[in-house]
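This is what each chain is made of:
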Amino acid sequence: MKRIMYVSTATAPMSGNEVEEIGRVSSRNNLKVGITGVLFSAHEFFFQILEGDAHQVDRLLERIRRDRRHRDVLVLKAELDVTERLFSKWSMRMIRLDSSSDFILQALRTMLENITESYRIIERYTQPSVLKLLTEGVNPLGVPVHKAEQIVLFGDIVAFSYLSERFPIEEVADLVSQFLEVCSRRVVENGGEVTKYVGDCVMAHFNGDNADGALEACLGTLSDIKNMREGADSCRLMRFLYSGFGLTKGSVIEGNIGSSIKLDYTVLGDTVNLAARLEGLTRNIGRAIALTRAVCDACTQTWQFVPVGDFHLKGQSQSCPVYSLADEIVGEMRTHDQLVDDMLLLGQACRFGPVSQSM
Ligand SMILES: Cc1cc2nc3c(=O)[nH]c(=O)nc-3n(C[C@H](O)[C@H](O)[C@H](O)COP(=O)(O)O)c2cc1C
């Protein structure tokens, strides 16, 4: 059996009758499929525990996630191999915390509110791969370090340091956030996982058999940032947003790596270093994507790869044949120097220049 615990936010305030109706429907449906549990409701949130056959619990959770009466369903805990039910007598016991004057229920409401708030904050700062393991019922701390065959992606903003010194800090922070947003969304949509952010740089990984997904993520991001660039006013930093991506495939060490102060669930190894180097190389080759032969070979869809030369990259013992994609958008790359020229050209009209940053 499986047991899950989640919190969600009510989309709009619900009347007592509407909440009771969810309880009635839940009890009736759950009884049919052997699910038991409890559902706490307050004006702003729900807190539910579901237990039963794993397949039935997963199916129900999918249905509940789609319910428009609430949003932001966040699984706090999933337990697999549950042998005993906690709520064997309740096919779904609804407990309304806001209508009760019972002191214990009021205290419970405050506790659940605080737990929910803390989880929502921690969720924003937590690596998606760690959250994914938790929702799958796996304790990330218990996962041993292991080797895995993966595609590694590095992407960042061209000439970021130069540009960031010439615009107000709020505009710089907004640009980085928007870039990380579109890039991360494309990675996740295409089956990858965001490993971490380092400043304006995104590191992500994909299963070794999903090279196509990694390329789609890069092309999708390039298309998104092109739209963002072209939609921006001429004097805005967004007008200068170009990015480069490095992609490699190979064996990585995956697992918990860090200190007692901070732990990362991450990937390490030469494949990772090489991806970072290739991302840096995109500026020199004037193409927004640089990849290795192993990535080309792992693709199952038809792509038009173009060889861009052999490069001796830092940290590599041998020179590396580098490839790119023939797509037009990949060629719409600006080098650091070209962006500096663009800035100078527009500089007079827009009064660009080092901004005094208020600290
Ligand atoms: C917070 C919340 C908890 C829910 N819990 C359950 C549940 O435990 N079981 C269930 O069948 N439906 C539950 N629902 C309702 C489902 O989303 C869905 O509306 C319902 O299962 C459809 O049932 P019907 O096809 O019988 O109308 C819940 C909805 C919300 C908003």
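Quick caveat, the model's predicted, so the values are computed rather than measured.

1. Side note on the overall build of the chain
Then, number 1: Broken down by element type, the chain carries eleven helices and 13 strands.
Then, number 2: Across its three principal axes, the chain shows a C-alpha extent of roughly 70 × 45 × 40 Å.
Then, number 3: Here the chain holds 359 residues, and 31% of them are scored as buried.

2. Some remarks on the sheet that holds strand E4 (residues 70-79)
Then, number 1: Spatially, the five strands line up as an open sheet ordered E4-E1-E3-E2-E5, and their pairing is mixed. Where the open sheet ends on each side, the last strands, each with one partner, are E4 and strand E5 (93-96). Between one strand axis and the next, the sheet turns by 15° as a mean value, whatever way the strands run.
Then, number 2: With seven bridges connecting them, strand E1 (residues 2-10) and E4 associate as antiparallel partners. When the sheet's bridge partners are listed, Tyr6 is paired in E4 with Val75.
Then, number 3: Against the sheet, helix H1 (residues 16-33) contacts strand E2 (36-41), strand E3 (45-52) and E5, and its axis sits at roughly 160° relative to E5.
Then, number 4: Of the strands in this sheet, E1, E3 and E4 touch helix H2 (residues 54-66), which is tilted by about 160° from E3.

3. What about the domain arrangement of the chain?
Then, number 1: Each assigned domain of the chain is listed here: domain 1 (2-125) and domain 2 (143-350).
Then, number 2: Its C-alpha centre places domain 1 at a distance of 40 Å from the equivalent point of domain 2.

4. Side note on the site of the ligand
Then, number 1: Near the ligand there are 17 residues, and of these Ser26, Asn29, Phe46, Asp67 and Arg69 occur at the shortest range.
Then, number 2: Put simply, the parts of the chain that give the shell around the ligand at least two residues each are H1, E3 and H2.
Then, number 3: Sort the elements by how many residues they give to the shell around the ligand and H1 lands first, with five residues.
Then, number 4: Within the shell around the ligand, the residues separate by chemical class into eight nonpolar, six polar and three charged.

5. Considerations on the environment of Glu193
Then, number 1: Relative to the assigned elements, Glu193 resides in strand E7 (residues 193-198).
Then, number 2: The class for Glu193 is partly exposed, based on 19 C-beta atoms found within 10 Å.
Then, number 3: With 14 residues separating them in the primary sequence, Glu193 and Asn207 have C-alpha atoms 9.1 Å apart.
Then, number 4: Excluding residues that lie within four positions of it along the chain, Glu193 makes contacts with Pro128, Ser129, Ala204 and His205.

6. Observations regarding the environment of Phe311
Then, number 1: Here Phe311 shows up in strand E12 (residues 305-311).
Then, number 2: On the basis of neighbour count, Phe311 is assigned to the partly exposed category, with 17 C-beta atoms found within 10 Å.
Then, number 3: In the structure, Phe311 is positioned 33 residues away from Leu278 in sequence and 9.5 Å away in space, judged by C-alpha atoms.
Then, number 4: With residues near it in sequence (within four places) discarded, Phe311 still touches Leu281, Ser319, Cys320 and Val322.

7. Quick notes on the pairing of E2
Every regular strand shows the same layout, with side chains that alternate between the two sheet faces.
Then, number 1: In terms of residue burial, E2 counts as a mostly covered element, since five of its six residues are buried.
Then, number 2: Both E2 and E3 contribute to a ladder of six bridges, which runs antiparallel. Across the sheet, the residue bridging to Ser41 is Phe46, located in E3.
Then, number 3: The sheet contact formed by E2 and E5 spans four bridges and is parallel.

8. A few points about helix H8 (residues 270-285)
Then, number 1: Compared with an ideal rise of 1.5 Å per residue, which puts 16 residues at 22 Å, H8 spans 22 Å between its outermost C-alpha atoms and is within 8% of the ideal.
Then, number 2: At the C-terminal side of H8, Gly286 shows a positive phi close to 65°.

9. Here's the deal with the environment of Ser223
Then, number 1: Along the polypeptide, Ser223 turns up in helix H7 (residues 211-231).
Then, number 2: On a C-alpha basis, the gap between Ser223 and Val330 in space is 9.4 Å, while along the polypeptide they are 107 residues apart.

10. Overview of unusual backbone geometry
Most peptide bonds take the trans configuration, and most residues that are not glycine carry a negative phi.
Then, number 1: With a phi close to 55°, Asp81 is a non-glycine residue in the positive phi region.
Then, number 2: Note on placement: Asp81 falls in the loop between E4 and E5.
Then, number 3: For Ala159, which is not a glycine, the phi torsion comes out positive at approximately 55°.
Then, number 4: Tracing the chain through its elements places Ala159 in the loop between strand E6 (146-157) and helix H5 (160-164).

11. Focus: the nonpolar core
Then, number 1: With 51 residues, the main nonpolar core has Leu153, Ala214, Leu247, Ala275 and Ile289 as its most contacted residues.
Then, number 2: With eight residues, the single largest contributor to this core is H7.
Then, number 3: The contacts of Ala275, once residues within four sequence positions are left out, are Val152, Leu153, Phe154, Gly246, Leu247 and Thr248.
Then, number 4: Within the second largest apolar cluster, 17 residues are counted, among which are Phe40, Phe45, Phe47 and Trp90.

12. Quick look at the packing of helix H6 (residues 169-189) against H7
Then, number 1: Viewed as axis vectors pointing N to C, H6 and H7 meet at an angle of 145°, and their least axial separation amounts to 8 Å. In the crossing of H6 with H7, the sense of the turn from one axis to the other is right-handed. Here Gln178, Phe179, Val182, Cys183, Arg186 and Val187 of H6 lie close against H7, whose contacting residues are Ala217, Gly220, Thr221, Asp224, Ile225 and Met228.
Then, number 2: Looking at side-chain class alone, the contact of H6 with H7 contains seven nonpolar, three polar and two charged residues.

Each value, and the rule that gives it
Residue positions are given per chain, counting from 1 as you read along its sequence in written order. Per-residue local features of the predicted model are confined to residues with pLDDT of at least 70, and side-chain atom pairs are confined, for both listing and counting, to 80 or more; whole-chain, interface and lining totals are unaffected and use all residues. Counting from the N terminus, the helices are the DSSP runs of H or I reaching at least four residues and the strands are the DSSP runs of E reaching at least two. Counting other C-beta atoms within 10 Å of its own, a residue is labelled buried from 20 upward, exposed at 12 or fewer, and partly exposed in the gap between, with every C-beta atom placed from the backbone. Being paired, for any two strands, means DSSP has found at least two bridges between them. Axes here refer to lines fitted to C-alpha atoms; in helices the fit is confined to the stretch in contact. Angles between the N-to-C directions go from 0 to 180 degrees. Any two residues are considered in contact once their C-beta atoms, placed from the backbone, lie within 7 Å. In this entry, domain limits derive from an automatic or database-based domain assignment. Any residue whose C-beta atom, as placed from the backbone, lies within 6 Å of a molecule or strand is termed near it. Note on residue categories: nonpolar means Ala, Val, Leu, Ile, Met, Phe, Trp, Tyr, Cys or Pro, charged means Asp, Glu, Lys or Arg, and polar means any other residue, Gly included. Take the number of residues in a helix, subtract one, and multiply by 1.5 Å to get its expected span. The nonpolar core criterion groups buried Ala, Val, Leu, Ile, Met, Phe, Trp, Tyr and Cys residues into a set whenever they are joined through C-beta atoms within 7 Å. Rotating anticlockwise by less than a right angle from the far helix to the near helix defines a left-handed crossing, while the corresponding clockwise rotation defines a right-handed one.

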